Amino acid sequence: MRAIESFEVREKRSKRNRLIMGVLLIGLMVLSTAGYAFYGVTDASDSNVSSGGIRYDGSYWIFPSSYSDLYLFNDPTNIVKVNLNNRALNYGGKILYIDSEDSFVREHLALNLGTYFNGVYEACYGPCLRDLPEKDCSEPIIIYRDSSENSIRQEQNCFFINGDTGEVDKFILSFTQ
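Residues numbered from 1 in each chain as written. Predicted model: local features only at pLDDT ≥ 70, side-chain atom pairs only at ≥ 80, totals over all residues. Heavy atoms only, no water.

By secondary structure assignment, the location of Asn-157 is in the loop between strand E9 (151-155) and strand E10 (158-163). Residue classification places Asn-157 among the buried positions, given a relative accessible area of 15%. For the pair Asn-157 and Glu-139, spaced 18 residues apart in sequence, the C-alpha to C-alpha distance is 5.8 Å. Reaching out from Asn-157, the side chain makes a polar contact with the backbone oxygen of Cys-137 at a distance of 3.5 Å. (Helix = DSSP H or I, 4+ residues; strand = E, 2+ residues; numbered from the N terminus. Buried < 20%, exposed > 50% of the residue type's maximum accessible area, 1.4 Å probe, protein only. Polar contact = N/O pair within 3.5 Å; in protein donor to acceptor, adjacent residues only side chain to side chain.)

See below:
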């Protein structure tokens, strides 16, 4: 059995409990705000920003271009561009087709070049067994083949990339600049 308490004792205990709870909630709010404020702070030496605004986010090198940011696998300062007769800006309003069996490369090309075109779709260069539209050089198409020999060449609206992801970055940088 509980002892009978006076109104003043119960009121005193209630005030004390409310004060403790209030202090705890205010402390929690202050600490969570401070934690959120310091969460986004990074050390300047870890920012990986090089000249020209190029930065590394842990997955991609982000290269600020005049039209949109480019996300590259390799540091763009180490990429030697190739001469192409046509650039991405020449194809405004058109659809870009990509022929590559490597879905990672297809997505990488679409991510970087999609803003220059009305759409990016998968297609086959010439006849193929896949259930895709067959295209020729009358429309812009990028043909990527994984190869030990690195090369980039252009025939009309066809862009042939042979090699690894470094060649894809070289093409993207050359095509958009």
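So, next bit.
Strands belonging to one sheet form pairs held by backbone hydrogen bonds; the direction of such a pair is parallel or antiparallel. The strand order across the open sheet formed by three strands is E1-E2-E3, and the pairing between neighbours is antiparallel. Since the sheet does not close on itself, it has two edges, and those belong to strand E1 (55-56) and strand E3 (69-72), each with one partner. Both strand E2 (residues 61-64) and E3 contribute to a ladder of four bridges, which runs antiparallel. Note that in E3 the partner of Trp-61 across the bridge is Leu-72. (Pairing = 2+ DSSP bridges.)

What follows deals with the pairing of E9. In regular strands, side chains alternate between the two faces of the sheet. Of the two faces of E9, the one holding Ile-152 and Gln-154 is buried and the one holding Ser-151, Arg-153 and Glu-155 is not buried anywhere. Relative to E10, E9 is paired through five bridges, and the arrangement is antiparallel. The residue of E10 that forms the bridge with Ile-152 is Ile-161. Connecting the antiparallel pair E9 and E10 is a turn made up of two residues, with Gln-156 showing a positive phi of about 50°.

Enumeration over the complete set of coordinates arrives at two disulfides. Across the disulfide, Cys-124 is cross-linked to Cys-128 (sulfur-sulfur distance 1.9 Å). Between Cys-124 and Cys-128, the S-S dihedral sits near 75°, and the bridge is therefore right-handed. Note that Cys-137 is cross-linked by a disulfide to Cys-158, the S-S spacing being 1.9 Å. Taking the sign of the torsion about the S-S bond as the criterion, the disulfide between Cys-137 and Cys-158, at about -120°, is left-handed. With a gap of 21 residues between them, Cys-137 in the loop between strand E7 (134-135) and strand E8 (141-146) and Cys-158 in strand E10 connect regions that are remote in the sequence. Across this residue pair, the class does not change: Cys-137 and Cys-158 are buried. Should the bonded cysteines of the chain be numbered as they appear in the sequence, the pairing reads 1-2, 3-4. (Disulfide = S-S within 2.5 Å.)

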